[in-house]
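Read off the chains here:
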Amino acid sequence: MRDVIVIGAGPAGLAGAISCAANGLLVTVLDEFMKPGGRLLGQLHQEPSGEWWNGIKEAERLHQEANKLAVDIRCGISVYNLEQEGHHWHVHTNTGRLTARFVLVATGAAEYPIPVPGWTLPGVMSIGAAQVMTNVHRVQVGKKGIIIGANILAFAILNELQLAGINIDRIVLPEKTPISGKAAEPEEIMKSLLQAAHLAPSPLLRFGGRFMKHDWIRKLGLTFFPKNGVKVNGTPLQLRKAAVEIIGKDQVEGVRVADTDVNGMIIPGSETIYEADFVCIAGGLYPLAELAAVAGCPFQYVPELGGHVPCHSEIMETPLEGLFVAGNITGIESGKIAMAQGNVAGLSIAKQAGKGTGTIDQQLQQAVQNIRNVRQNAAIQFNPEIDKGRKKMKELWKEHYAKGDEKFHKIG
Amino acid sequence: MSRILDHPVFGKIHERELVSFQFDEKTYQAYKDETIAAALLANGVRKLRVHEESGTPRGIYCNIGHCMECRVTVNGQANTRACLTVVEQGMIVESGKQLPNIIKRMVEQR
């Protein structure tokens, strides 16, 4: 019988499967997508060193390594429930039930939608959908597109779309509503872009980053923010324009856009229609954690990690026996971090299974340290306060779940 | 839409085997191993269904299986995600149709 079931064949799941299998455990990896790699597939950016980070190649490398270790990878399989029975976990899939002592949930992230009137029209898609269509399926998403929402993910994918010859006409913000929240606040967007100023996609923002530390200067910057926006790789980023409605009969024909004041409030009478045949909504990422929830794992809301995350330790255990997590389900970070976390989870499982050599504790410690090193050297940080989020979870674990603690309560 | 056959970093796409399938009784060509959603978009089809209640048009949204917006009927199996289902030779794909909502109509007529 297999020892470990890994849910998700992305960077965290594959790395976890590899370190389990390298320690002599029998591993099955399940994934809904038709090929392994998860959201590594489609990632493409230039590192500060000038080298290309090609997610498809990274996925192939991990896949080959897993194959060498006889990891059983099954694609096109959906998992819909996890049930604990004694010392085992039952994993329910669309093709039947699998059982193992250990489960690693590495389901990654999903995108926050920003509902804009007209967003159900064919041709409106999440920014990630455009990335997959372009870089994985190699099909053009359209002739002329508009991105609604400005964040790091949007800029990374903008660059990828441009590389593939796709024309993005402009980036605007969503209209300010109770749902769009901070994504519609020009000042919040400016602040988050400036926090990442060293990798800001525009010379103006890079330059501005040094001067705009004070609120009043930022406000001034927004007051005089060019009406036509600043160019990001040639595409105007328009922080003072908001998408009011996506229009079209049977598919996208354009976006109705209004000018806004420094607070994101619409200036009456300023509406214009920009033609487009596709629209990408960029709302950012949140941990895709439902399976940990149905398993009965306790959760904590940690905004710095991207939302509600399953409680977990530094070595990727959850409070439930035999249930482990790794990757974006624990907080939104890069694929490199996911791989480093997957490695930790794999070693952690091997240790609990009584596998590994006498140095397993040392290996685990090094692997945990490696996550920190990768984080420190990261070129892209989705949330600048990620360290704070990780610290919060570490303290929560210490307080409530650390071994030998009387306060431990099993939930679920 | 057309395909991205050449890419400055990924390189060229090599010749692939073609398969044909049907969408709403019309025949389309797809590459082997590609999804229904990708094949239809490459053939210029964005609209995959109408909303069951309102009848408004829908297409792909997330493209990776999370949102269920691209649900179609494949070889008689309803609610199949076009973005996760690989096209096969002779596959019969049907768009989602508007369904009667008898109870809502009854409530409206009261």
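All figures in this text were calculated on a predicted structure; none of them were measured in a lab.

Calculation criteria
- Per-chain numbering applies: the sequence of each chain, read as written, is numbered from 1 onward.
- Written order decides the labels, with chains lettered from A and ligands numbered from 1.
- Given that this is a predicted model, residues contribute local features only at a pLDDT of at least 70 and side-chain atom pairs are listed and counted only at 80 or more, while totals for whole chains, interfaces and linings are drawn from all residues.
- The basis for every side-chain value is the complete set of non-hydrogen atoms in the structure, without hydrogens or water.
- The secondary structure listing takes helices from DSSP runs of H or I that are at least 4 residues long and strands from runs of E that are at least 2 residues long, numbered from the N terminus.
- The quantity called the radius of gyration is restricted to C-alpha atoms. Its globule counterpart is 2.2 Å times the number of residues to the power 0.38.
- We call a residue buried when its accessible area falls under 20% of the maximum for its residue type, exposed when it is over 50%, and partly exposed in between, using a 1.4 Å probe and counting protein chains only.
- A pair of sulfur atoms, both from cysteines and within 2.5 Å, is called a disulfide here.
- We define a polar contact as two N or O atoms separated by no more than 3.5 Å, with the added condition that, inside protein, one atom must be a possible hydrogen donor and the other a possible acceptor, whereas residues neighbouring each other in sequence contribute only through side-chain atom pairs.
- Each helix should span, by expectation, one fewer than its residue count multiplied by 1.5 Å.
- As a per-residue measure, pLDDT tells how confident the predictor is, with possible values from 0 to 100.

## Notes on the overall build of chain A
Then, in step 1: From N to C terminus, chain A includes eleven helices and 22 strands.
Then, in step 2: For chain A, whose C-alpha radius of gyration is 22 Å, the value lies close to the compact-globule estimate of 22 Å for 412 residues.
Then, in step 3: In terms of principal-axis extent, the alpha carbons of chain A reach across some 70 × 45 × 40 Å.
Then, in step 4: Across the 412 residues that make up chain A, the buried fraction comes to 56%.

## Describing unusual backbone geometry
Residue and element names in this part refer to chain A.
Then, in step 1: In this structure, Ala-70 is a non-glycine residue whose phi angle is positive, near 60°.
Then, in step 2: Looking at the secondary structure, you find Ala-70 in the loop between helix H2 (55–68) and strand S5 (72–75).
Then, in step 3: On the basis of relative accessible area, Ala-70 is assigned to the exposed category, the value being 61%.
Then, in step 4: The backbone of Arg-138 shows a phi angle near 60°, a positive value even though the residue is not glycine.

## Quick look at the state of the cysteines
Then, in step 1: Scanning the entire structure with this criterion turns up zero disulfides over all chains.
Then, in step 2: Summary of cysteine pairing: Cys297(A) is not part of a disulfide, and the nearest cysteine sulfur, belonging to Cys311(A), is at 6.2 Å.
Then, in step 3: Given the relative accessible area of 6%, Cys297(A) is considered buried.
Then, in step 4: Sulfur of Cys67(B): no disulfide; nearest cysteine sulfur belongs to Cys62(B) and is 3.8 Å away.

## With respect to the side chain of Thr85(B)
Then, in step 1: If you trace the backbone, Thr85(B) turns up in the loop between strand S6 (77–81) and strand S7 (92–94).
Then, in step 2: A distance of 2.6 Å separates the side chain of Thr85(B) from the backbone oxygen of Arg81(B), its partner in a polar contact.

## A closer look at helix H4 (residues 152–163) of chain A
Then, in step 1: Its twelve residues place the ends of H4(A) 17 Å apart at the C-alpha level, agreeing with the 16 Å of an ideal helix rising 1.5 Å per residue.
Then, in step 2: Looking one or two places after H4(A), you find Gly165(A), whose phi comes out positive at around 85°.

## A closer look at the confidence of the model for chain B
Low pLDDT marks regions whose predicted coordinates should not be analysed in detail.
Then, in step 1: The predicted model of chain B has a mean per-residue pLDDT of 95, with 99% of residues at 70 or higher.
Then, in step 2: The complex model carries a pTM of 0.93, and its ipTM stands at 0.95.

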